[in-house]
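Spelled out, the chains give:
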Amino acid sequence: MDRLAYLNKLSQEIIEKLSEEVGGLLGQDFTVDDIHHGVQSRDEVYAPLSGKQVLTTLTVSGDAEGVAYVVVGLKDAITLGGTLIRLH
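Residues numbered from 1 in each chain as written. Predicted model: local features only at pLDDT ≥ 70, side-chain atom pairs only at ≥ 80, totals over all residues. Heavy atoms only, no water.

Trainee: Looking at this structure, how should I read the pattern of salt bridges?
Mentor: Working definition: two side chains of opposite charge can pair if their charged atoms are close together. Scanning all chains against the criterion turns up three salt bridges. Where Glu21 meets Lys17, a salt bridge forms, and the shortest distance between an N and an O atom there is 3.2 Å. Pair noted here: Glu21 and Lys17 are both in helix 1 (residues 3-26), with a separation of four residues, about one helical turn. Under the relative-accessibility criterion, Lys17 is labelled partly exposed at 45%. (Salt bridge = Lys/Arg side-chain N within 4 Å of Asp/Glu carboxyl O. Helix = DSSP H or I, 4+ residues; strand = E, 2+ residues; numbered from the N terminus. Buried < 20%, exposed > 50% of the residue type's maximum accessible area, 1.4 Å probe, protein only.)

Okay, here's the thing in structure tokens:
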């Protein structure tokens, strides 16, 4: 399996698990859509973003371990943070 095919498969598995775990934590459905797999430079990643963004790092563990990065708009980050705070 070539590297890009492996990354695509791994990314899809991570996204499915992320949706399941975050949904369970929030107690509601959580989906990740409009997914694009590929290898990009930092400039290419940030070019289409507008407005204020929040970057979060996630520690990923399982069969392999590493770090994943999630970028969301400020409004969505506030909504998610507010939902998580209410879980206390």
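Trainee: Even after reading the chapter, I still don't get the environment of Lys75, so can you show me in this structure?
Mentor: Tracing the backbone through its elements, the reader meets Lys75 in helix 3 (residues 74-85). A sequence separation of 50 residues divides Lys75 from Leu25, and the C-alpha atoms of the two residues are 20 Å apart.

Trainee: Hey, could you run me through the pairing of strand 2 (residues 66-73) in this one?
Mentor: Looking along a regular strand, one sees the side chains alternate between the two faces of the sheet. Direction of pairing for strand 1 (residues 53-60) relative to strand 2: antiparallel, over a ladder of eight bridges. Across the sheet, Thr56 pairs through a bridge with Val70, a residue of strand 2. The hairpin turn running from strand 1 into strand 2, its antiparallel successor, is five residues long, and Gly62 in that turn takes a positive phi close to 160°. (Pairing = 2+ DSSP bridges.)

Trainee: How do you make sense of the side chain of Ser19 when you look at a structure like this?
Mentor: Along the chain, Ser19 falls in helix 1. We classify Ser19 as buried; its relative accessible area is 14%. Ignoring sequence-local partners within four residues, the contact set of Ser19 consists of Phe30, Thr31 and Val32. (Contact = heavy atoms within 4.5 Å.)

Trainee: Just to check I follow, could you spell out the confidence of the model for the chain for this structure?
Mentor: As a note on interpretation, predicted positions should not be read in detail where pLDDT is low. Put simply, the chain has an average pLDDT of 80, and 94% of its residues get 70 or more. The lowest-confidence element of the chain is helix 1, averaging 81 in pLDDT; the highest-confidence one is helix 2 (residues 42-46), averaging 85. (pLDDT = per-residue confidence, 0-100.)

Trainee: Sorry, what's going on with a nonpolar patch on the surface here?
Mentor: A grouping of Val45, Tyr46, Leu49, Leu55, Val67, Tyr69 and Val71 is seen on the molecular surface, where their side chains present a nonpolar patch of about 610 Å² in accessible area. Broken down by secondary-structure element, the contributors of at least two residues to the nonpolar patch are helix 2 and strand 2. Top contributing element to the nonpolar patch by residue count: strand 2, with three residues. Considering the arrangement of structural elements, one finds Tyr46 in helix 2. We classify Tyr46 as partly exposed; its relative accessible area is 35%. (Patch = residues over 30% accessible without salt bridge, like charges linked within 9 Å, V, L, I, M, F, W, Y side chains within 5 Å. Areas by Shrake-Rupley, 256 points an atom, 1.4 Å probe, with all protein chains shown as cover.)

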